[in-house]
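Letter by letter, the chains look like this.
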Amino acid sequence: MAIYEIFVILLLAKSAMKKILTIPFLLSSAILFSQGVLKGTLRDTVTKTSLSLATITVFKAKDTTIVSYRLSDPQGNFKVPGLPFDIGLRVVITSSGYKVARREFLLESAKPELDLGQVIMSTDTAELDEVLVYAERPPVSFKKDTLEFNASAFKTLPTALVEDLLKKLPGVEVDAEGNMRVNGRVVNKLLVDGREFFGGDPKIATRNLPANLIDKVQVVDDKEQLERNPDITKGELGQVINLKLKRSIKQGWFGKAYAGGGSGARTHYEAGGIVNSFRDTLQLSVLAYTNNLNKAGFGFGDLEKLGGFGRTGINSIGVWSDGGVSLNGVSFGGTGQGLQRSTGAGINMNHDPNNKIKINFQYFFGQISSDYQSKSNSQQFIKDTVLQTTSNTKDLNEESTHRFATRLQWKIDSTSNMSFWPAFEIRNSEFNKNLASRTSNDFTGLLNESKNLQNTDANELTYSHDFDYGKAFRKKGRRLTIFNTMRRNSTDNSQTNNVETIFYDDAAIIEEQLAQLRRRDYENLTLNTSIIYYEPISKEWSSRLGLTNNYFKNNDELNTFDWNPNTSKYEVLNSSLSNGLERKGTRNSLSAGVTYTHKKFSISPGVQYTLLDIDNIYLKTANLKQRFNYVFPTLTVRMGVLNFGYRSSAREPSATDLRPVVDNSNPLYQVFGNPDLVPTVAHDINAGFFKSNPKTQTSINLNFNLSIEDNAIIRERSVDEKGIQITRPINIDGQWRLNGNASFSRQYKLINSWQISLRPGVNAGYNKSFIAVNSIRSGIQYWNASPNLNTSFNWKDIIELTQRYSLNFRKYTYESDAFKSTQVVAHYLTSEIVIRRPKNWVWESSIDYRHNPQVSPGISKNIT
């Protein structure tokens, strides 16, 4: 057994983990007590006020190697521990807008502490880099609203990627899926030299660009997000990372390629590469990948940006813990659905013809082929009867997608700018399903058996665009913003069903055959326009006025054809299973509000009037006209690190839920629509606490959300004596959800070679909903809690240990005795180790352990 495998196995032992986590603290404490300390206080030369967040960097005087660094606190005090004795040192103190302060010194064991007293910093209008010697650049600095990291101060391996560099930066967190936070705030976008890189998605750059190309890493607030929602809280406001490239590579090209394979019961492979070319005004990137490892070639952000989904067009999102992604029910790799083969390629181009115009073009092709087999065993408790269903499913699916997107950014003048982002998507899908099931109950035994073969072909074409315009006026705070989004989608879906069903009862055995073609043509158009005007009233008061128009149109036509044995074709129209719906409507909203701001306190009350007008035109049944009026109050309050908000909204039912025709593609589970549904009105109350401290590299985030829904949509269900289940949507009042999450993060940089990160957190929730089965209605109470702990330890970048643990607790209780309450507790544990030795070699290993007691018979509850 290899050494690194023994290390990982030891991590799973509780006693060993305690020893491993204790060692670095003991060693670091011993080292810190045996080394020197530099301290002092920073003051402004004119006002004599304290200087916070200045960078104090200690170098070796001989070769300018960084020994350690710290940031000054709000009172201007600083303390740099862990300094060596009997070595010539130089301290360099930097702060934006001030001249650089330097001093050389020597610490001895007889006098281990040096107090510089008050250090007076002189103001300087010159840029810091113009005065500072390049070799003495601080690791971290603050320039106005920009947090800047000097990449050369954080050592990485020659083969390291940007993601490896970011993991070493203080206050920066990168999880297993590549999602990033800076001081607890989510990173929305990543730029390369200020330009879009494959739609600005962070993962494309962090997992493909080499780290040794980076000169600086800059972090700023997401100004686009702030312009779209000026009332957003600081904890919710995302961050933008800009990677400044080294000057030496801005006129050349670079790239990387990887490949791997393995043999066994199933041959595994993966390969990919990326090539980048940079010129003064042109940036070109090409990438491609293929694998059969159930890995997503790109993350959710890639698909969102490259696919042109942007802020519209996403009806459902699935994100898997291993990095897999699905959008609108379509997999893009790594979703855990069987054995998957993923292939993709893309091109990204940025061109800046002048200082006012930026052009971006993207093309992406993705293909997924999956072979999925599953076995399920479910029990439903209805009064004194237990309904048990076992099923075996085999799926063969293949999807291919082409996406074209471009973006034009135009800085019209010093006060106004415009952005236009159109995109096209072409998708072709083939699905083949083989479903076998058996249903029985504990009284009469076997009720039915079924074999169901489904084949589906779907072709989809989508156009979408995103447009925004912003204008700032001479009067400070006066601003006009206009947003427009459009999405037009057309789908041609053909599904054949061949079903053999056997029903058992005391009198006879009944066999039924079903052979039909369901042809669905679906067209969807949504067009949204918003205009928001901000007007300052005084220094502390401001007002806002908004107008939003949302137009939507859905054409959903379903024709069902039975099999004609004489012609061997699906050509006999089944009118009872055919219908059509054309739905069009508008949602007009007028909103107004005021904002009062005083120091760290602000309050923004407002009101919104919404008129919802919908025409439902059915092909065979009577038309339905719906008209609703709503008046919703809104409120946002901020008190320093605390924030509170209230908002209401109306959500109309989907066209599928309204369609008055049954979907019997599975005769044992039939789905009806309900044309009498009305919109759901939701009342949302949220509260949060967010605080970060760059000096201590600590962030705390607390959030709570309460949602109460009137006319919520649930699905009532009936089960007959044959085991046939029929569902249809209904409206119901009194559904509500309470969710909360808390997270804490801190990095401990004990000395230059030791770093420990702790990230505990918890998600919890309580939901109150309803279930309706066979005319029995019962309230459901659902509790869930998921505490988790992530720890990582890094020693000189030679050894990295990571331990992740999470517990998932779920409990369902029913108000009616007709249903049985359930409770599940699952455990997840991951241990990872990275060893970088010998030179140019990297050994990585991980062990995942999962315990889930709620599995089908014959499947192990414990998986390693």
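Turning to the overall build of the protein chain, a few remarks are in order. Looking only at helices and strands, one finds 8 helices and 46 strands in the protein chain. Expressed as a percentage of the 864 residues in the protein chain, the buried residues total 45%.

As a further point, take the confidence of the model for the protein chain. Parts of the prediction with low pLDDT should not have their coordinates interpreted in detail. For the protein chain, the average pLDDT comes to 81, and 86% of its residues sit at 70 or higher. Low pLDDT, under 50, characterises residues 1-33; the predicted model gives this stretch 41 contacts beyond four residues in sequence or across chains. With pLDDT under 50 throughout, residues 127-131 is counted as low confidence; its partners more than four residues away or in other chains account for 11 contacts.

The biggest cluster of nonpolar side chains holds 39 residues, and the ones touching the most others in it are F149, V217, I241 and L243. L42, V58, L89 and M121 belong to the second largest nonpolar core, which has 20 residues in total.

What follows covers the environment of W841. Mapping W841 onto the fold places it in the loop between strand 44 (822-835) and strand 45 (843-851). Residue class for W841 comes out exposed when judged on its relative accessible area of 52%. Not counting residues within four places of it along the chain, the set of residues in contact with W841 comprises I835 and R836.

With mixed pairing, 3 strands are arranged side by side in an open sheet as 4-1-7. Of all strands in the sheet, those bounded by a partner on one side alone are strand 4 (77-83) and strand 7 (113-121). When strand polarity is set aside, the average angle formed by the axes of neighbouring strands in this sheet is 20°. With 5 bridges connecting them, strand 1 (residues 36-44) and strand 4 associate as antiparallel partners. Counted as the bridge partner of G40 is F78 from strand 4.

On the surface, a cluster of negative charge is made up of D492, D521, E523 and E557. The topology assignment puts D492 in strand 27 (residues 479-504).

Applying the stated criterion across every chain, the model contains 22 salt bridges. A salt bridge links K433 to D395, with the nearest nitrogen and oxygen atoms 3.4 Å apart. With K433 in strand 25 (residues 416-441) and D395 in strand 24 (residues 385-410), this residue pair connects regions lying 38 residues apart in the sequence. For R715, the salt bridge is made with D657, and the minimal N-O distance between the two is 3.2 Å. Of this pair, R715 sits in strand 38 (residues 712-719) while D657 sits in helix 8 (residues 655-658); the two residues are 58 residues apart in sequence, bridging distant segments of the chain. For R715, a relative accessible area of 36% translates into the label partly exposed. Shared partners join several salt bridges into a network, and the residues in it are D613, D615, K625 and R627.

Moving on, we get to a nonpolar patch on the surface. Nonpolar side chains collect at one region of the surface, where F473, I531, Y533, L545, L547, L590, V607, Y609 and V631 lie side by side and expose about 780 Å² of accessible area between them. As for its placement among the helices and strands, Y609 is situated in strand 32 (residues 601-618). Relative accessible area serves as the criterion here: at 37%, Y609 is assigned to the partly exposed category.

One key point about sheets: their strands pair by backbone hydrogen bonds, in either a parallel or an antiparallel sense. Spatially, 3-2-5-6 is the arrangement adopted by the 4 strands of the open sheet, whose pairing is antiparallel. Edge positions in the sheet fall to strand 3 (66-71) and strand 6 (101-105), since each of these pairs with one other strand and no more. For this sheet the average axis-to-axis angle between neighbouring strands, irrespective of direction, equals 15°. Pairing of strand 2 (residues 55-60) with strand 3 involves 5 bridges; the strand directions are antiparallel.

Another aspect to go through is the side chain of S648. Following the sequence through the fold, S648 ends up in strand 34 (residues 642-651). Under the relative-accessibility criterion, S648 is labelled buried at 10%. Reaching out from S648, the side chain makes a polar contact with the side chain of Y646 at a distance of 2.7 Å. Here the side chain of S648 touches H683 through a polar contact of 3.1 Å, side chain to side chain. Ignoring anything within four residues of it in the chain, the contact list for S648 reads F632, P633, A682 and H683.

Glancing now at the packing of aromatic side chains. Within a pair of aromatic rings, the relevant descriptors are the distance that separates the centres and the angle that separates the planes. All told, the structure shown has 10 aromatic pairs when counted by the stated rule. For the pair Y363 and F404, a centre-to-centre distance of 4.9 Å together with 40° between the ring planes defines the contact as tilted. Of the two residues, Y363 sits in strand 23 (residues 357-382) while F404 sits in strand 24, which places them 41 residues apart along the sequence. The exposure class of F404 is partly exposed, given its relative accessible area of 33%. Considering the side-chain rings of W563 and Y570, the 4.8 Å spacing of their centres and the 70° angle between planes classify their relative orientation as edge-to-face.

Attention shifts here to unusual backbone geometry. Backbone geometry places N711, a non-glycine residue, at a positive phi of 55°. By secondary structure assignment, the location of N711 is in the loop between strand 37 (698-710) and strand 38. Look at S775: it is not a glycine, yet its phi comes out positive at around 65°. You can see S775 is positioned in the loop between strand 41 (754-773) and strand 42 (776-795). Exposure remark for S775: the relative accessible area of 82% places this residue in the exposed category.

Now for the environment of A655. The topology assignment puts A655 in helix 8. A relative accessible area of 5% places A655 in the buried class. Sequence separation of A655 and N524 is 131 residues, and the distance between their C-alpha atoms is 10.0 Å. Contact partners of A655, with chain neighbours within four places excluded, come to N554, L581 and R583.

As paired elements, strand 33 (residues 624-639) and strand 34 share 5 bridges and run antiparallel to each other. Looking at the pairing, T636 lines up with G645 of strand 34. As consecutive antiparallel partners, strand 33 and strand 34 are separated by 2 residues, and within that stretch G640 has a phi angle of approximately 65°, a positive value. Bridge analysis of strand 34 against strand 36 (residues 680-693) gives 10 bridges, and the strand direction is antiparallel. By the bridge assignment, F644 is partnered in strand 36 with A687.

Once that is clear, we can look at the environment of I730. Mapping I730 onto the fold places it in strand 39 (residues 725-732). Residue I730 is classed as buried on the basis of its relative accessible area, which comes to 8%. For the pair I730 and L677, spaced 53 residues apart in the sequence, the C-alpha separation amounts to 6.5 Å.

Each value, and the rule that gives it
- Residues numbered from 1 in each chain as written.
- Predicted model: local features only at pLDDT ≥ 70, side-chain atom pairs only at ≥ 80, totals over all residues.
- Heavy atoms only, no water.
- Helix = DSSP H or I, 4+ residues; strand = E, 2+ residues; numbered from the N terminus.
- Buried < 20%, exposed > 50% of the residue type's maximum accessible area, 1.4 Å probe, protein only.
- pLDDT = per-residue confidence, 0-100.
- Contact = heavy atoms within 4.5 Å.
- Core = buried A, V, L, I, M, F, W, Y, C linked by side-chain atoms within 4.5 Å.
- Pairing = 2+ DSSP bridges.
- Axes fitted to C-alpha atoms, helices over the stretch in contact; angles between N-to-C directions.
- Patch = residues over 30% accessible without salt bridge, like charges linked within 9 Å, V, L, I, M, F, W, Y side chains within 5 Å.
- Areas by Shrake-Rupley, 256 points an atom, 1.4 Å probe, with all protein chains shown as cover.
- Salt bridge = Lys/Arg side-chain N within 4 Å of Asp/Glu carboxyl O.
- Lys, Arg positive; Asp, Glu negative; His and termini not counted.
- Charge placed at Lys NZ, Arg CZ, Asp CG, Glu CD.
- Polar contact = N/O pair within 3.5 Å; in protein donor to acceptor, adjacent residues only side chain to side chain.
- Phe/Tyr/Trp six-rings, centres within 6.5 Å; stacked < 30°, edge-to-face > 60°.

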